[in-house]
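Residue-level structure breakdown
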Amino acid sequence: MPSLGPIRPLKLHTDRIGTSGSPVVILHGLLGSSRNWHSLAQRLSDSHAVITVDLRNHGQSPHGEDMDYPHLLADVCAVIQSQHASVHLVGHSLGGKVA
């Protein structure tokens, strides 16, 4: 497999609901957006800080030429690292594969 070289993550759009408890990062499926998870995020926000993410080329996140798993993973890793804590990671479909 050819080297992809250094991957520069895109700064993804996120919504945060709740402030207490361990963070839960939720990733949507192909052609979805963070809004798909609003109801669940509301329910979880009583006990967790919930971060819903728009993956690259989806929702309000920026669009990039590359739309492969290494780039998606780099983007999501940047979101997780920005939390400065361990997170629970949840994903559906495309988001599940990235998770």
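As shown above, the structure is provided for reference.
Structural notes, computed from the coordinates. (Residues numbered from 1 in each chain as written. Predicted model: local features only at pLDDT ≥ 70, side-chain atom pairs only at ≥ 80, totals over all residues. Heavy atoms only, no water.)

Considering unusual backbone geometry
Phi is positive for Asn57, which is not a glycine, with a value near 65°. Following the sequence through the fold, Asn57 ends up in the loop between strand S3 (49-53) and helix H2 (69-81). Despite not being glycine, Ser93 shows a phi value in the positive range, around 55°. If you trace the backbone, Ser93 turns up in the loop between strand S4 (88-91) and helix H3 (94-98). (Helix = DSSP H or I, 4+ residues; strand = E, 2+ residues; numbered from the N terminus.)

Some thoughts on the pattern of salt bridges
In the structure shown here, the tally under the stated rule is one salt bridge. Between Asp75 and Arg56 there is a salt bridge, with its nearest N and O atoms 2.6 Å apart. Of this pair, Asp75 sits in helix H2 while Arg56 sits in the loop between S3 and H2; the two residues are 19 residues apart in sequence, bridging distant segments of the chain. (Salt bridge = Lys/Arg side-chain N within 4 Å of Asp/Glu carboxyl O.)

Describing the side chain of His71
By the secondary structure assignment, His71 is in helix H2. The contact partners of His71, leaving out residues within four places of it in the chain, are Ile7, Arg56 and Asp66. (Contact = heavy atoms within 4.5 Å.)

Remarks on H2
With 13 residues, H2 ought to run about 18 Å at 1.5 Å a step, and its terminal C-alpha atoms sit 18 Å apart, in line with that. Turning to H2, its buried residues are His71, Leu72, Ala74, Asp75, Val76 and Val79. In this structure, the buried side of H2 is in contact with strand S1 (14-17), strand S2 (23-27), S3 and H3. (Expected span 1.5 Å × (residues − 1). Buried < 20%, exposed > 50% of the residue type's maximum accessible area, 1.4 Å probe, protein only.)

Side note on the sheet that holds S1
Strand pairing within a sheet occurs via backbone hydrogen bonds; the two strands may be parallel or antiparallel. Spatially, the four strands line up as an open sheet ordered S1-S3-S2-S4, and their pairing is mixed. Where the open sheet ends on each side, the last strands, each with one partner, are S1 and S4. With direction set aside, neighbouring strand axes in the sheet form an average angle of 20°. Bridge analysis of S1 against S3 gives four bridges, and the strand direction is antiparallel. The residue bridging Ile17 from the neighbouring strand is Val50, located in S3. (Pairing = 2+ DSSP bridges. Axes fitted to C-alpha atoms, helices over the stretch in contact; angles between N-to-C directions.)

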